[in-house]
Amino acid sequence: MSEFLEFENVSKSFGAIRAVDGVSFSVKRGEFFSLLGPSGCGKTTLLRIVAGFEQPDAGRVRLDGQDLTDLPPHQRPVNTVFQSYALFPHLSVRENIAFGLRVAGRPRREIREEVDKMLRLIRMEDQAHKKPAQISGGQKQRVAVARALINRPRVLLLDEPLAALDLKLRQHMLLELDLIHDEVGITFLYVTHDQTEAMSVSDRIAVMNGGRVEQIGTPTEVYEAPRSSFVAAFIGDTNFFDGVVTALEDHDYCRLSIQGLPDVLCYNDKQNQPGDPVHLIVRPEKFRISPEPPPADPRRNTLEGVVEDVIYMGNHTRYWVRLDGHRLAVFQQHRRFMLDEKPIRWNDRVWLSWDANDGYMLERYNVSDERLVQRPPDVLTTTKST
Amino acid sequence: MKTAPSSVREPPARRPDRWRSHEWIVTLPSLGWLLALFIAPTLIVFSIAFKPADLFGGVGPGWTLDTLRSLGNPNYPAIVWRTLWLSLATTAVCLLVGIPCGYYLARAPIRWRNTLVMLTVVPFWTSFLVRIFAWKHLLHPEGPVRRVLTALGLCDSAATLLYNPGAVLLVMIYTYLPFAILPIYAAAEKFDYQLIEAATDLGATRWRAFRSVFLPGIRVAIFTAVLVVFIPCLGSFVIPDVVGGPSAEMIGNKIAQRAFSDRNLPHAAALSALLTLAVLAPLIVAWGARNRSGRRAVPVQEAS
Ligand SMILES: Nc1ncnc2c1ncn2[C@@H]1O[C@H](COP(=O)(O)OP(=O)(O)OP(=O)(O)O)[C@@H](O)[C@H]1O
Ligand SMILES: [Mg+2]
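Computed from a predicted model, the values in this text were never measured in an experiment.

### Quick notes on the sheet that holds strand S6 (residues 78-81) of chain A
Residues and elements named next belong to chain A.
Argument step 1. Spatially, S6-S7-S8-S3-S9-S10 is the arrangement adopted by the six strands of the open sheet, whose pairing is mixed. For this open sheet the edge positions go to S6 and strand S10 (212-217), each flanked by a neighbour on one side alone. Neighbour-to-neighbour, the strand axes of the sheet open up by a mean angle of 20 degrees, direction not taken into account.
Argument step 2. Relative to strand S9 (residues 204-209), strand S3 (residues 32-36) is paired through four bridges, and the arrangement is parallel.

### Topic: the packing of helix H4 (residues 137-149) of chain A against helix H5 (residues 167-184) of chain A
Residue and element names in this part refer to chain A.
Argument step 1. In the contact formed by H4 and H5, the axes pass within 11 Å of each other and the chain directions differ by 20 degrees. Comparing the axis directions of H4 and H5 gives the class roughly parallel. Considering the relative orientation of H4 and H5, their crossing is right-handed. In this structure, H4 uses Gly 138, Gln 141, Arg 142, Val 145 and Leu 149 to contact H5, whose residues at the interface are Leu 169, Met 173, Glu 176, Leu 177, Ile 180 and Val 184.

### Examining unusual backbone geometry
With the exception of glycine, most residues fall at negative phi, and the peptide bonds are largely trans.
All names here are of chain A.
Argument step 1. A positive phi is found at Ala 86, a non-glycine position, where the angle reads about 50 degrees.
Argument step 2. With respect to the secondary-structure elements, Ala 86 resides in the loop between S6 and helix H2 (93-103).
Argument step 3. Located in the positive-phi region is Asn 347, a residue other than glycine, with phi close to 65 degrees.
Argument step 4. Structurally, Asn 347 is set in the loop between strand S18 (326-333) and strand S19 (349-355).

### Some details on helix H14 (residues 251-261) of chain B
Argument step 1. Most of H14 of chain B sits inside the fold, with eight of its 11 residues counted as buried.
Argument step 2. Buried within H14 of chain B are the following residues: Ile 251, Gly 252, Asn 253, Lys 254, Ile 255, Ala 256, Arg 258 and Ala 259 of chain B.

Cut-offs applied
- Residues numbered from 1 in each chain as written.
- Chains lettered and ligands numbered in written order.
- Predicted model: local features only at pLDDT ≥ 70, side-chain atom pairs only at ≥ 80, totals over all residues.
- Heavy atoms only, no water.
- Pairing = 2+ DSSP bridges.
- Helix = DSSP H or I, 4+ residues; strand = E, 2+ residues; numbered from the N terminus.
- Axes fitted to C-alpha atoms, helices over the stretch in contact; angles between N-to-C directions.
- Parallel < 35°, antiparallel > 145°, perpendicular 65-115°, else oblique.
- Left-handed = near helix turned anticlockwise from the far one by under 90°.
- Contact = heavy atoms within 4.5 Å.
- Buried < 20%, exposed > 50% of the residue type's maximum accessible area, 1.4 Å probe, protein only.

What follows is the structure in structure tokens.
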């Protein structure tokens, strides 16, 4: 049950580029598993290795114990939904979907029944006679899924299947894919560089960077407990702090000294000892922002700063708050906007507070990852540096 | 306020339809061109076939069916048959060689590709006649090909390489192969090879993917290649004249002979008309078949 599709030390280079660099992990049976990462991190290459279009330089790929690595694509029990759909332009929707069964030489009646079933699944019974050029992007996408599913693959590989669609349709198709996944019970290996897409449907996500897997976990794990600064910065927005542990408190907590700020309390699940340097992250929505000092609470950290920028986003507002040497992103949801919240404006003095459990200490940190977080131009530092 | 939505929902003005009915105006120049340079000459040739010949190689007055009757010449069926099968065989071989060539040209690494395409068209830089005479030299009983083959024991000293239909076939294939390769290469270069990946992903072998996805994908180019090889083959007379000899005559030779040696224009015209009809007939059939399959709403080629 636990290990269905296994990658063991898989590597693949193109010339000097290490597209996939010693990747090992496994996907469970029936799982909706996503490969998430920035452009060029090797997601497509890894998927193509499973499909058999690329031969890894090293490592093995196993499916339910069977070694796939040396099988040609047409003998692998996996099917692919291509990013550009790759529907056969000279065949109708029906013939496209039937292709796999026809190649397998199945009897004509059976093919017709199976295709009808698929057409019902994607709700396109009335479009069956059309050519791919005559249907919309969303419909092409559904045909591509149906064509890949009709062979009953053990794993369905999807390479950014929604990338070519506009936002609304993308959200709709995502739900539809999720429904299809529930209905057919096939393992999905889903490639995307869109974190919201991956978060919303995946059972687990592998976050990739530079050909390596940075972290594997449920959406909640990778968001709430990122192991590295890369994962923290790539998924969602975040604030980074460098600090040193000064004291342990209450078994599970420690006190950190951070340059320019008063000492903060943090949950110490990494068992750091006094003197250890640590990298702390706090997600912007974990802050509570208020124009008055919050009531004292030993579990909460409080900082005082000045609002530098306010961006109203409809369902929430983003604040940029300047503290001594820090610039923090703060998201505040609106419940009863303007009624029980006193509006906060530019240059207002504000208090930020967060629960000690909401700060998270990273295992690995890389300065350059901080640049992945989108920030409005920092007026002070840019003027400083010129 | 109420009228605004209804005016929005109104169907677009009927202008596009009117435009469509006048679209043919745009084709007038090409129609005129076709009329002046193809249809009119063809009709003239057809009509000359119904004229008597005069003694000076011209066309006499009045009308006659004599020329048509003289097409019953007992030599002709064999020549027509030879012309047809030589042309068909040339076309078949050109496709058989041209499709893989075009495919590999298109898939060659980009830095090789232009060089390879250049090599394909390099023969055109030498005069066609010179190349045909070169073949005559090559295939000559004292020529290098013959000597090499004999030395290797691949042909006996009695065999003739020249002056037979085989020689004509060989040289026609040599001549027309580039014309088959080029359109196929052009289409193969534009072909989306992810479709082949998709086919193999769905369980097709590489050969099956080539057959059911690549070939249909370049079918227009194949059609073009057939036309640009088959039609010139039907009318060729230099190649059979130089390397063919009397046992490998084609209609083209007869037309040339009637027009230049016998100075019998009507007879030449009748043979030409025959050739034109032979070219047009399959074209019209093919065109009709394409139209019919294009209009068919629900394709039934499920088990292809
Ligand atoms: N056929 C190839 N030849 C050379 N380099 C390649 C080839 N395929 C991929 N690469 C390189 O390998 C790296 C990983 O590519 P890959 O397509 O797997 O990235 P990706 O994660 O899918 O990115 P994207 O989100 O942009 O699709 C890139 O640097 C890419 O340039
Ligand atoms: Mg990709």
